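One letter stands for each residue in the lines below.
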Amino acid sequence: MKDRPVLTAHAHLPDVTDALLQRAARVRLACFDVDGTLTDGGLFLDAEGREGKTFHVQDGLGLVLLRRHGIEVMLVTARSGQVVEHRARELGIGVHQGVKDKLGLVERLCAERGLALEQVLFMGDDLADLTTLRRVGLAVAPANAHPWVAPLAHWTTPAGGGHGAARQACDLVLAAQGHVERLLQEGAA
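All of these numbers come straight from a predicted model, not from anything done at the bench.

Peer 1: Could you give me a rundown of the overall build of the protein chain, with the residues and numbers involved?
Peer 2: Helices and strands together make up the secondary structure of the protein chain, namely 7 helices and 8 strands. Of all 189 residues assigned to the protein chain, the portion counted as buried reaches 47%. Entry remark: accessible area of the protein chain is about 9600 Å², with carbon and sulfur atoms responsible for 52%. Across the protein chain, the 20 positively charged side chains and the 23 negatively charged ones have centroids separated by 4 Å.

Peer 1: Could you give me a rundown of the nonpolar core, with the residues and numbers involved?
Peer 2: Ranked by size, the top nonpolar core spans 36 residues in total, and within it Phe32, Leu63, Leu66, Leu75, Leu121, Leu138 and Leu172 carry the most contacts. If you list the elements that add at least two residues to this core, you get helix H1 (18–25), strand E1 (29–32), helix H2 (57–68), strand E4 (72–76), helix H3 (82–91), strand E6 (120–123), strand E7 (138–141) and helix H6 (165–176). Ranked by residue count, the leading element in this core is H6, at 7 residues. Setting aside its immediate chain neighbours within four residues, leucine 75 contacts Phe32, Val34, Leu38, Leu63, Val84, Ala88, Ile93, Gly94, Val95 and His96.

Peer 1: Account for the UniProt feature "binding site: Mg(2+)" (unreviewed entry) in the protein chain, with residues named and values stated.
Peer 2: Under the UniProt annotation, the feature "binding site: Mg(2+)" (unreviewed entry) is placed at Asp33 and Asp125. In summary, the annotated positions, though distributed over 93 residues, converge in three dimensions, the widest C-alpha pair being only 7.7 Å. As for its placement among the helices and strands, aspartate 33 is situated in the loop between E1 and strand E2 (44–45). Separated by 2.9 Å, the side chains of aspartate 33 and lysine 102 make a polar contact. Relative to the helices and strands, aspartate 125 is located in the loop between E6 and helix H5 (130–135). The contacts of aspartate 125, once residues within four sequence positions are left out, are Asp33, Asp35, Gly36, Thr37, Pro142, Ala145, His146 and Val149.

Analysis parameters
- Residues numbered from 1 in each chain as written.
- Predicted model: local features only at pLDDT ≥ 70, side-chain atom pairs only at ≥ 80, totals over all residues.
- Heavy atoms only, no water.
- Helix = DSSP H or I, 4+ residues; strand = E, 2+ residues; numbered from the N terminus.
- Buried < 20%, exposed > 50% of the residue type's maximum accessible area, 1.4 Å probe, protein only.
- Areas by Shrake-Rupley, 256 points an atom, 1.4 Å probe, with all protein chains shown as cover.
- Lys, Arg positive; Asp, Glu negative; His and termini not counted.
- Charge placed at Lys NZ, Arg CZ, Asp CG, Glu CD.
- Core = buried A, V, L, I, M, F, W, Y, C linked by side-chain atoms within 4.5 Å.
- Contact = heavy atoms within 4.5 Å.
- UniProt positions renumbered as here; feature names shortened; annotations may be inferred.
- Polar contact = N/O pair within 3.5 Å; in protein donor to acceptor, adjacent residues only side chain to side chain.

Shown next as structure tokens:
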């Protein structure tokens, strides 16, 4: 039987610096935009105008793992719809829809919880996320983020929105906070 290679908790994530790990270690609240971040940005509309979205199952597990390790998780989206509400309920996480001022909402969430903006991860991909990304302690953009937005993030994931990008952000936080070895021993059950 071959020996297993030594696993670095964040080896699968490129461009992870000590400074980035320090930012991730402070996270107590993780907020995620939906369209273009948890999805690939596509909208599926049927003949009656009902909306459908595709979510990545590994993203969902990442969000659940953050919650299990004491980090509050919120979906923050400018759009509104039953699909997002259902997904949040399924994962046991919070959701705020129809949000026009995402930074204002995040500031309010912090005030209610006694947190500083430095303790917030925000992941977004376009102009509606820009002011929030500029203010939080850990700003993350998926690989498919708009080119005006991505350079302002502290880190850009290798994966695009809807293709595991949120899981990579979650993995970064879990690694920085020392949870990976236990997860590898116990699994996610």
